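Observations on the model geometry
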Amino acid sequence: MVIWKSWTFNIKFSLIAFFATAILGLLSMGALGGILYYPVSFLFEPYLNINDWHGDWVWPTVIMVGMLWSFGFVFAAVAWYYLNKISDSKVLLISVYVAILWLWAALLWAGMIMVNIGQLT
């Protein structure tokens, strides 16, 4: 418990969010992964809408994206830690945190689409 008390709010929040979203990604049966597609969907305009995808790859992919997205909280916490040494601006820190979460969702979906590109067309 001494270690937990010595950590900053950002680290505590990120660890809790990591475990919560990892579990939620599985238990939501793909809802989290599906929701994460919509903020980044404009990047994937040439491909069909997620509602038009079909095949055995879709559901596991959506679940996997939801679960892997939890690592974005770890990446964002590390960025916050190092950026906090340079700047005390909360607006900058929160903006970078959110941008990392969005970028991680975009990278996950790009990777999953590239792996399954043959089944999309």
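Residues numbered from 1 in each chain as written. Predicted model: local features only at pLDDT ≥ 70, side-chain atom pairs only at ≥ 80, totals over all residues. Heavy atoms only, no water.

Here's the deal with the nonpolar core
- If you look at the biggest cluster of nonpolar residues, it comprises 25 residues, and the most contacted ones within it are Leu36, Tyr37, Trp53, Trp69 and Trp109.
- Within the residue set of this core, elements represented by two or more residues are α3 (31-40), α4 (58-68), α5 (71-86) and α6 (90-115).
- No other element matches α6, which puts 9 residues into this core.
- Among residues more than four places away in sequence, those in contact with Tyr37 are Phe44, Leu48, Ile50, Trp53, Trp109 and Ile113. (Core = buried A, V, L, I, M, F, W, Y, C linked by side-chain atoms within 4.5 Å. Buried < 20%, exposed > 50% of the residue type's maximum accessible area, 1.4 Å probe, protein only. Helix = DSSP H or I, 4+ residues; strand = E, 2+ residues; numbered from the N terminus. Contact = heavy atoms within 4.5 Å.)

Comments concerning α6
- Between the first and last C-alpha of α6 there are 37 Å, a value that for 26 residues agrees with the 38 Å anticipated at 1.5 Å per step.
- Along α6, the residues that are buried comprise Leu93, Tyr97, Leu101, Ala105, Ala106, Leu108, Trp109, Met112 and Ile113. (Expected span 1.5 Å × (residues − 1).)

Here we look at unusual backbone geometry
- Phi at Met29 takes a positive value of approximately 60°, unusual for a residue other than glycine.
- Tracing the chain through its elements places Met29 in the loop between α2 (9-27) and α3.

Fair warning: the whole summary comes from geometry, so function is off the table for now.
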